[in-house]
Amino acid sequence: MMKSRALLLVLSVFQTMASVADGLLTGAVIGTKESVDYQTSAKSTTVNTCAMAFDGNLNTFFASWNRSYSWAGLDLGAPHVITRVGWSPRNDGQGEKRVLLGVFEGANREDFMDALPIYIIKEKGTIGQMTYADVDCSRGFRYVRYVGPSDARCNIAELAFYGHPGEGDDTHLCQLTNLPVVSIHTQNGTIPYDKVHQIPAQLTIVSDNGTRLLSEPGTIRERGNASRNFPKKPYRIKFDTKQNVLDAPAKAKKWTLINNYGDKTLMRNLLAFELSRRLGMSYTPYGAAVDVLLNGEYKGCYQLCDQVQVHKKRVNITEMTPADNAGTALTGGYLIEIDSYASQEKSWFRSSQQNPVTIKSPDEDSITSQQKNYIKTYFNKMESQWTRYLDKNSFLRHFLVGELSGNTDTYWSVFMYKERDDDMVYTGPVWDFDLAFDNDNRTFPVNSKTDYIYRSGGSCTGNMRTFVDNIAVRNAEAKAMILSIWDEARQSGLTEENLVAWIDKTEAELEESQRLNFIRWPIMNSLVHQNPRLWGSYQAEVENVRRFVKERVSWMDSKLRYTYKPNAIVDVGVDLTQSYQVFTLSGQPCGTTLDHLPTGVYIVRQGGASRKVFLH
């Protein structure tokens, strides 16, 4: 162990010496052309220009006319591997903090569409002197630049790049933190401005400690409804061709970047996805925390998630074509969303029970009148005859995720789908948990309520509250299924201890990124969205979720009149070709075959031996 540490120390010293030994690089100055003349408050191209950042004088500075997305850099003439960068802030009262979150990038295209980050400034600068940092990026770049943080006019006194000639390689690239970094560069620097116009872009993801690179052309636009009103915008990215992204199951074009603005833990959606998996939903969206850059500007910690769409690894139903207008072909598949914002969409209807429904697939550009009429008629039939046409298994698992998380938005927006030649309408996947886990001032504290959250202040669009009541409250068979599903989940590891361990692990993973996020968005001591309290720190925000989860598991046990008794059955081999009996985890008999049983965990007993079996 001591030898290993000594070797690492020697390597570290050698690498530092090597970076220092690399020369100060020079080249043609490039950057944002329009600057501001503070003497006249006018736009200029001769005063405080980007050239001032490379004149060797700490008393001059570059200040751009635009407050954001401005930069200064060098055309080195040929690729160089950058090993060190330096900077000094403008000498004024705000200069020290103006460099916080400034980003250094390298590129081999003059328009920086192929740029990669090489360093981000994580601490305040020091006026009157240079600060230096080693760069750990193996690719060579012809063009290098410093992109100022948001709303700072770049405002930099001096910049320096060190390195050596060479094209390098992609064996090790830069991540801003331990999280993957999603870096997006748009054509002509256009910033996404609505949900309709897709901006051409290069979409780049660096992951696996800088050893894995995905960089492909595509588009970006805004997404979401209420979340689009926040300063930190949500985005939908779309690759030109299907891609494997991080460790997501789906190879797909469309992905979402969830902004989590009102969720100061930055983990509520991911925690809800974990509940979805533990409660046996057939499909749980993929999600991973990432750092996001847009045109070189740091945007914060986001969640890179699946786009909810028809896909064999997402909502796995038949994708329809405009030719599917009769017979069996007309029966599916359809992806719909009971959605409070449905009237803002082109392809939607209001059901006979006054629930607004958006048709997500077939999409608005390809759906035919026959298809729209079919799904509207079928949805109305399902509403009025839900005991026959609603799949209770998926609906009630979705219900339990919403209640366990205390999500006030569960029935504000609900995804459902219908497969071809299948009479049932299924519910899922779960989505949108920014207000869950005690993050809504209209219902806080959730665990003080005696009834389900959807009946105690939760937001229900249309007449969804009555629809859910008829199933979860008034129907004896559905109530028994709720208890059975809850028992199955509890016996399969849905415990306070396991959920708290997941929160602890995620908190540690997000520690470095959350610090940068709340520098970029200094809202920790501000009430945003529907925040019920100011908890004062990231750690306190997470502790609120940890407390809620500890209390909520017990609250659900009490509400369902369920007593948790850990299962003591020993797993042994069972020959399913021989006769056997099937039971629920609470001991209720299910017959003598596993065929046609709903998804879940069962006990299979054969002779004197038993084992747990998971059906999916």
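Scroll up a little and you will see the structure.
No experiment lies behind these values; they were computed from the predicted model shown.

Which parts of the structure should I look at to understand the overall build of the protein?
The number of helices and strands found in the protein is 10 helices and 26 strands. Roughly 26100 Å² of accessible area belongs to the protein as shown, and the carbon and sulfur atoms make up 48% of that amount. With 69 positive and 69 negative side-chain charges, the protein shows a spacing of 4 Å between the two charge centroids.

Is there a simple way to think about the sheet that holds strand β16 (residues 287-294) in this case?
Consider a sheet: its strands pair through backbone hydrogen bonds, and that pairing is either parallel or antiparallel. Here we have seven strands rolled up into a closed barrel, ordered β11-β12-β13-β14-β15-β17-β16, and mixed in their pairing. Across the sheet, the axes of successive neighbouring strands diverge by a mean angle of 35°, strand direction being ignored. Note that strand β15 (residues 251-258) and strand β17 (residues 297-306) share four bridges and pair antiparallel. Within β17, the residue paired with Thr256 across the bridge is Cys305.

Explain helix α3 (residues 268-278) here, please?
Given 3.6 residues to a turn, an α-helix orients residues that are three or four positions apart in the same direction. Summarising burial for α3: nine of the 11 residues are buried, a large majority. Listed as buried for α3 are Arg268, Asn269, Leu270, Leu271, Ala272, Phe273, Glu274, Leu275 and Ser276. Lining the buried residues of α3 we find β15, β16, β17, α6 (392-404), α9 (496-520) and α10 (538-559). Positive backbone phi, at 75°, marks Gly280, one or two positions downstream of α3.

What's the story with the side chain of Asn260 in this structure? I'm lost.
Inspection of the secondary structure puts Asn260 in the loop between β15 and α3. Non-local contacts of Asn260, meaning those with residues more than four positions away in its chain, are made with Leu266, Asn269, Cys301, Tyr302, Gln303 and Asp434.

Just to check I follow, could you spell out the packing of α6 against helix α8 (residues 476-491) for this structure?
How two helices pack is summed up by the angle between their axes together with the distance between the axes. Contact pair α6 / α8: the axes reach a minimum separation of 10 Å and the direction vectors enclose 65°. Along this stretch, α6 crosses α8, giving a crossing that reads as right-handed. From α6, Lys392, Asn393, Leu396, Arg397, Phe399, Leu400 and Leu404 reach across to α8, where they touch Glu477, Ala478, Met481, Ile482, Ile485, Trp486 and Glu488. For the contact of α6 with α8, the per-class residue count stands at nine nonpolar, one polar and four charged.

Teacher, can you tell me more about α6 here?
If you check α6, its first and last C-alpha atoms are 18 Å apart, about what 13 residues at 1.5 Å a residue would give, namely 18 Å. Of all the 13 residues making up α6, 13 are buried; the element is thus mostly covered by neighbouring parts of the structure. Remark: Gly406 follows α6 within two positions and exhibits a positive phi of approximately 65°.

Help me understand the state of the cysteines in this model?
What makes a disulfide is a covalent bond joining the sulfur atoms belonging to two cysteines. The final tally for this structure, using the stated rule, is zero disulfides. Note on Cys301: no disulfide assigned, nearest cysteine sulfur contributed by Cys305 at a separation of 11 Å. By relative accessible area, Cys305 is classed as buried at 1%.

Looking at this model, I keep getting lost on the environment of Glu96. Mind explaining?
Turning to its location among the elements, Glu96 is positioned in helix α2 (residues 95-98). When its relative accessible area of 35% is taken as the criterion, Glu96 is described as partly exposed. Between the C-alpha atom of Glu96 and that of Gly125, which follows or precedes it by 29 residues, the distance is 4.6 Å. In contact with Glu96, other than residues within four places in its own chain, are Pro89, Lys124, Gly125 and Ile127.

So what exactly am I meant to see when it comes to the pattern of salt bridges here?
Pairing is possible between side chains of opposite charge, provided their charged atoms come close. Per the stated rule, a full pass over the model turns up 34 salt bridges. Among the salt bridges present, the one from Asp557 reaches Arg490, with a minimum N-O distance of 2.8 Å. Of the two residues, Asp557 is situated in helix α10 and Arg490 in helix α8; the sequence distance between them amounts to 67 residues. The exposure class assigned to Asp557 is buried, which follows from its relative accessible area of 10%. One network of salt bridges, with partners in common, ties together Asp451, Arg455, Asp469, Arg474 and Lys559.

Would you mind going over the packing of aromatic side chains with me for this structure?
Think of a pair of aromatic rings as described by two things: how far the centres are apart, and how the planes are tilted against each other in angle. Inspection of the entire model under this criterion finds 28 aromatic pairs. Between Tyr341 and Trp412, the ring centres sit 6.3 Å apart and the planes meet at 85°, which makes this aromatic pair edge-to-face. Here the residue Tyr341 occupies a position in the loop between β18 (334-339) and β19 (348-350), and Trp412 occupies one in the loop between α6 and β21 (413-418), the gap between them amounting to 71 residues. Aromatic ring contacts, followed pair by pair, group Phe395, Phe399, Tyr411, Tyr452, Tyr454 and Phe467 into a single cluster. One residue, Lys418, lies across the ring of Tyr378, its end atom 4.8 Å from the ring centre.

Rules of the game
Residues numbered from 1 in each chain as written. Predicted model: local features only at pLDDT ≥ 70, side-chain atom pairs only at ≥ 80, totals over all residues. Heavy atoms only, no water. Helix = DSSP H or I, 4+ residues; strand = E, 2+ residues; numbered from the N terminus. Areas by Shrake-Rupley, 256 points an atom, 1.4 Å probe, with all protein chains shown as cover. Lys, Arg positive; Asp, Glu negative; His and termini not counted. Charge placed at Lys NZ, Arg CZ, Asp CG, Glu CD. Pairing = 2+ DSSP bridges. Axes fitted to C-alpha atoms, helices over the stretch in contact; angles between N-to-C directions. Buried < 20%, exposed > 50% of the residue type's maximum accessible area, 1.4 Å probe, protein only. Contact = heavy atoms within 4.5 Å. Left-handed = near helix turned anticlockwise from the far one by under 90°. Nonpolar A, V, L, I, M, F, W, Y, C, P; charged D, E, K, R; others polar. Expected span 1.5 Å × (residues − 1). Disulfide = S-S within 2.5 Å. Salt bridge = Lys/Arg side-chain N within 4 Å of Asp/Glu carboxyl O. Phe/Tyr/Trp six-rings, centres within 6.5 Å; stacked < 30°, edge-to-face > 60°. Lys NZ or Arg CZ within 6 Å of the ring centre and 35° of its normal.

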